[in-house]
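Residue-level structural notes
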Amino acid sequence: MTVFCFLKKFYNEKDIILHKKGTARVRQKIHYLDYHILIPYLLLVVFGIIMVYSSSSDILLVNGFKPATYGIRQAIYALVAFFGFGVPIFALKIDVFKSKKFVVWFFMISCALLAFLVIMKIFKGSSAAVNGAVGWINLGFINLQPLEVAKFALVIYLAYVLDRRDGKLVKGQIVQNLSHPAILSAVMMCLVIVEPDFGGTAILFMIVLVMFSVSGVPTSIALRWLLGIIVIVAAVVVLIIIWNPKFLQESYQFQRLMSFLHPFELEKKGGAQLVNSYYAIHNGGLVGVGLGNSMQKRGYLPEPYTDFILSIAAEEIGTLGAIAILGLLFYLMWSIMEVGLYATSQFNALVCFGVTTILFTETIFNVGAVLGLLPITGVTLPFISYGGSSMIVLTSCVALVLNISANEKIKKHMEESVA
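Residues numbered from 1 in each chain as written. Predicted model: local features only at pLDDT ≥ 70, side-chain atom pairs only at ≥ 80, totals over all residues. Heavy atoms only, no water.

Thoughts on the overall build of the protein chain
Along the protein chain, the regular secondary structure elements total 16 helices and two strands. Evaluated residue by residue, the protein chain yields a buried proportion of 50% over its 419 residues. The contacts of the protein chain with a sequence gap of at least 6 include a subset with a gap of at least 24, amounting to 73%. Total accessible area on the protein chain stands at roughly 20,300 Å², and carbon and sulfur atoms take up 68% of it. (Helix = DSSP H or I, 4+ residues; strand = E, 2+ residues; numbered from the N terminus. Buried < 20%, exposed > 50% of the residue type's maximum accessible area, 1.4 Å probe, protein only. Contact = heavy atoms within 4.5 Å. Areas by Shrake-Rupley, 256 points an atom, 1.4 Å probe, with all protein chains shown as cover.)

Now the structure itself:
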């Protein structure tokens, strides 16, 4: 009901499918549910709960807590996400998300939450930081991560703006039509990078890049953007490594970068996570040592239930099991992207591509960090890693795509009936 309470500020009850008149429409949507999206999502959530319990139980027990604490919390997060956000978002009319009032308020609230973190950093300094960054707001029952809300808000905002500019992104008018969304997106990214959260900033940037590219911008221009960005980022990284500035050497983020480059040499100064991730994957082999039997989760790999949960999964259920998890994730992404490819509405297509970008970028960053192919940025594995904010937002994203898919199928069925 949380979603409805928020939306009622801007819409009459007739716009929200809650009353008897809308029951038939909800039932109709259920009839057109896309199980290629729903089933992988449910399997990932269930397996995530199991892995959170398995990877956290030993640490909790050693520290005097009940071993099932985090597993139960993850299950509660999943239920709240599904019934409190997923079901209502699936039931709502798509027009609600295309409304200027909703888009503006959602974007402004997400930016306000990010700005609040910046204020916390200014006044509280390092005392408010966790792992070198100020990224959470403690609400008591949950640590809200504004970045997660910002990802969803950015997708909705860009889908709305780019839908209204459909057909206008031609040579000579691109800068004029994209300058406003680009500036607001840059403001959001600046708020995130000050935390500092480089992984989160990169995800937001990828959302902007992909959604701009698929909105009608000529392919040659989009490719030039991408190539230019890659060159700039690579040049900055190389410059930092060569320069090795003293004022950065003590920072948590710089130590993570150095640990990525020299994990075994810097094992005692930050490389322990990556080294123990290697050990976990090696110990697991192809079929694993058995669920619950990981050694690395017993104090060797810090916080194994968050961004390195895939390492524990690889150790317990083997490389084949880890590949199966990633296979489900990529199948879910493909199914969502397929809805976007065949969508009859520009807004619907852009939302699907935006959601796919979130899932793809988070997965690539997480897997890359676990395998030592990318620096550790603290990005979690979608639906598998422990976290309430991520679960709620990603479930909301999936629910919106299911809503879009059902509406597209209903529209197609009606057109075929008329024909």
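Picking up where we left off.
Things to note about the packing of aromatic side chains
Inspection of every chain in the model, using the stated rule, returns twelve aromatic pairs. When the centroid spacing of 6.0 Å and the interplanar angle of 50° are considered together, the rings of Y77 and Y386 count as tilted. With Y77 in helix 4 (residues 69-91) and Y386 in the loop between helix 15 (346-371) and helix 16 (388-418), the pair connects residues that are 309 residues apart, well separated along the chain. The buried category is assigned to Y77, whose relative accessible area is 12%. A centroid spacing of 5.0 Å and a plane angle of 85° characterise the contact between F82 and F83, whose relative ring orientation is edge-to-face. Positioned over the ring face of F90 is K29, at 5.9 Å from the centre of the ring. (Phe/Tyr/Trp six-rings, centres within 6.5 Å; stacked < 30°, edge-to-face > 60°. Lys NZ or Arg CZ within 6 Å of the ring centre and 35° of its normal.)

Observations concerning the environment of L359
Within the fold, L359 resides in helix 15. With a relative accessible area of 2%, L359 lands in the buried category. Linking L359 and C397, residues 38 residues apart in sequence, is a C-alpha distance of 9.8 Å.

Describing the packing of helix 3 (residues 35-62) against helix 14 (residues 309-341)
Remark: helix 3 packs on helix 14, axes separated minimally by 9 Å, with the N-to-C direction vectors making an angle of 155°. When the interaxial angle is binned, helix 3 and helix 14 end up roughly antiparallel. The hand of the helix 3/helix 14 crossing is left-handed. A per-class count over the contact of helix 3 with helix 14 returns 19 nonpolar, four polar and one charged. (Axes fitted to C-alpha atoms, helices over the stretch in contact; angles between N-to-C directions. Parallel < 35°, antiparallel > 145°, perpendicular 65-115°, else oblique. Left-handed = near helix turned anticlockwise from the far one by under 90°. Nonpolar A, V, L, I, M, F, W, Y, C, P; charged D, E, K, R; others polar.)

Here's the deal with unusual backbone geometry
In the Ramachandran plot, F383 falls in the positive-phi region, its phi being about 70° despite a non-glycine side chain. With respect to the secondary-structure elements, F383 resides in the loop between helix 15 and helix 16. Judged by relative accessible area, which is 2%, F383 ranks as buried.

Side note on the pattern of salt bridges
All chains considered together, the criterion is met by four salt bridges. K151 serves as the salt-bridge partner of E148, at 3.2 Å between the closest nitrogen and oxygen. With E148 and K151 both in helix 7 (residues 146-164), this residue pair falls three residues apart, about one helical turn. On the basis of relative accessibility, which here comes to 5%, the residue E148 falls in the buried class. Take K151: its relative accessible area is 2%, and that puts it in the buried class. Between K151 and E362 there is a salt bridge, and its shortest N-O distance comes to 2.4 Å. (Salt bridge = Lys/Arg side-chain N within 4 Å of Asp/Glu carboxyl O.)

So, the packing of helix 4 against helix 16
At a closest axis distance of 8 Å, the pairing of helix 4 and helix 16 adopts a crossing angle of 30°. Put simply, helix 4 runs roughly parallel to helix 16. As for how helix 4 packs across helix 16, the hand of that crossing is right-handed. Residue-level contacts link Q74, Y77, A78, A81, F82, F85, G86, I89 and F90 of helix 4 to G388, M391, I392, T395, S396, A399, L400, L402, N403 and A406 of helix 16.

Concerning the nonpolar core
In this structure, L154, L158, I207, F383 and L400 are the most contacted members of the largest nonpolar core, which totals 108 residues. The greatest single-element share of this core, amounting to 14 residues, is contributed by helix 7. The residues touching I207, leaving out its near neighbours within four places in the chain, are K151, L154, V155, L158, T357 and I358. (Core = buried A, V, L, I, M, F, W, Y, C linked by side-chain atoms within 4.5 Å.)

Thoughts on a nonpolar patch on the surface
Residues F330, F360, I364, L371, L373 and L374 make up a contiguous nonpolar surface patch of about 510 Å² in total accessible area. Note on placement: L373 falls in the loop between helix 15 and helix 16. Since its relative accessible area comes to 61%, L373 is described here as exposed. (Patch = residues over 30% accessible without salt bridge, like charges linked within 9 Å, V, L, I, M, F, W, Y side chains within 5 Å.)

Notes on the confidence of the model for the protein chain
Of the residues in the protein chain, 81% reach a pLDDT of 70 or more, and the chain-wide mean stands at 82. Put simply, helix 1 (residues 2-7) is where the protein chain has its lowest mean pLDDT, 52, and helix 14 is where it has its highest, 95. Counted against residues more than four places away or in other chains, residues 10-20, with its pLDDT under 50, gives 25 contacts. (pLDDT = per-residue confidence, 0-100.)

Here we look at helix 3
For helix 3, with 28 residues, the first-to-last C-alpha span of 41 Å sits near the 40 Å given by 1.5 Å per residue. Its side-chain oxygen placed 3.0 Å from the backbone nitrogen of H36, D34 serves as the N-cap of helix 3. Looking at the residues trailing helix 3, positive phi occurs at G64, about 85°. (Expected span 1.5 Å × (residues − 1). Polar contact = N/O pair within 3.5 Å; in protein donor to acceptor, adjacent residues only side chain to side chain.)

Topic: the side chain of E315
If you trace the backbone, E315 turns up in helix 14. Here the side chain of E315 touches S294 through a polar contact of 2.6 Å, side chain to side chain. Here E315 is in contact with A280, N283, G284, G288, V289, S294, M295 and Q296, once residues within four sequence places are set aside.

What about the environment of N403?
Tracing the chain through its elements places N403 in helix 16. When the C-alpha positions of N403 and I94 are compared, they lie 7.4 Å apart, and in sequence the two are 309 residues distant. When sequence neighbours within four positions are dropped, the list of residues in contact with N403 reads K29, I89, F90, L92 and I94. Polar contacts involving the side chain of N403 include one to the side chain of K29, which spans 2.8 Å. A polar side-chain atom of N403 sits 2.6 Å from a polar atom in the side chain of N407.

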